[in-house]
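# Summary of the model geometry
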Amino acid sequence: TASTTGITTSDATDVVEKVMPAMVSIVNNYTQTATYFGQPIEQDGTASGSGIIVGENDTELLIATNYHVIEDAKELLVHFIDDADVKAVVKGSDPDMDLAVIAVKLADMEQSTLDSVKIAKLGDSDSLKLGQSVIAIGNALGYGLSVTGGYVSALNREVELEDGSKGTFIQTDAAINPGNSGGPLINQYGQVIGINVMKMGMDRWSTASVEGLGFAIPIAS
């Protein structure tokens, strides 16, 4: 079978089909405070990102994403695989790790949506090897869920974030674009082994010339 990403086309199709019901897109209608001639003013904006369903309790569906995807949120909307949009709230966050968990009330979801989604299976990011095939799924550029594939390029890669802090990431050549943030990096078994992150401090590189350079937070973090 022809292969362009290290995972055969048929295998990639099967893997993606397993994971897609656990995928969501996230729309963040946010409010930021800026200073204009010394006076604080509020500015509204909209940003998009991705998330992955990681758990469920008696009343809520729990979704993992990046903290910067939900930062300053005034309203969060989660878009599920059946095209339903449901409001969500922030359940917990770790800005230093750029991770967050948001929750959607089960009571706010139609039964048809509940029937169409599932909880993602988590893998072991500590057992990854260089050259292992991986797939990234996310809401690239806010256009909707899309799929890219590649390899594990490096492990335990220390990278500077936009706020000057540093984190340790999985490096991959799978394309990760704005809007992919918060989506999963998955292995050949359809298990989540990382959370894709786009918000990097790239000033020291010419971003116009950088290709095949993506990062994900290891799921074991």
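Residues numbered from 1 in each chain as written. Predicted model: local features only at pLDDT ≥ 70, side-chain atom pairs only at ≥ 80, totals over all residues. Heavy atoms only, no water.

The next subject is the overall build of the protein. Within the protein, the regular secondary structure consists of three helices and twelve strands. By residue count, 43% of the 221 residues in the protein fall in the buried class. Taking contacts inside the protein between residues at least 6 apart in sequence as the whole, the part at least 24 apart equals 62%. Here the protein has roughly 11400 Å² of accessible surface; of this, 48% comes from carbon and sulfur atoms. (Helix = DSSP H or I, 4+ residues; strand = E, 2+ residues; numbered from the N terminus. Buried < 20%, exposed > 50% of the residue type's maximum accessible area, 1.4 Å probe, protein only. Contact = heavy atoms within 4.5 Å. Areas by Shrake-Rupley, 256 points an atom, 1.4 Å probe, with all protein chains shown as cover.)

All right, on to the confidence of the model for the protein then. Mean pLDDT for the protein: 86, with 87% of residues reaching 70 or above. Confidence over residues 1–6 falls short of pLDDT 50; this stretch has twelve contacts with residues more than four positions distant or in other chains. Note on residues 201–209: pLDDT is under 50 here. Beyond four places in sequence and across chains, it has eight contacts. (pLDDT = per-residue confidence, 0-100.)

With that settled, consider the pairing of strand E7 (residues 133–138). The buried fraction of E7 amounts to six of the six residues, a majority that puts the element mostly inside the structure. The alternating pattern of E7 places Ser133, Ile135 and Ile137 and Val134, Ala136 and Gly138 on opposite faces, both of which are buried. By the bridge criterion, six bridges tie E7 to strand E8 (residues 146–160) in an arrangement that is antiparallel. Opposite isoleucine 137, over in E8, you have valine 147 as the bridge partner. (Pairing = 2+ DSSP bridges.)

What follows deals with unusual backbone geometry. A positive phi is found at aspartate 98, a non-glycine position, where the angle reads about 55°. Within the secondary structure, aspartate 98 is located in the loop between strand E5 (85–94) and strand E6 (99–105). Given the relative accessible area of 7%, aspartate 98 is considered buried. The backbone of leucine 141 sits at a positive phi, close to 60°, despite the residue not being glycine. In this structure leucine 141 comes out as exposed when scored by relative accessible area, which is 51%.

The final tally for this structure, using the stated rule, is one aromatic pair. Their ring planes at 65° and their centres at 6.2 Å tell us that phenylalanine 169 and phenylalanine 215 sit as a pair that is edge-to-face. Of this pair, phenylalanine 169 sits in strand E9 (residues 166–172) while phenylalanine 215 sits in strand E12 (residues 214–218), placing them 46 residues apart in sequence. (Phe/Tyr/Trp six-rings, centres within 6.5 Å; stacked < 30°, edge-to-face > 60°.)

Taking strand neighbours around the barrel as the criterion, the six strands line up as E7-E8-E9-E12-E11-E10 in a closed arrangement whose pairing is antiparallel. On average, adjacent strands in this sheet sit at an angle of 50° to one another, irrespective of strand direction. (Axes fitted to C-alpha atoms, helices over the stretch in contact; angles between N-to-C directions.)

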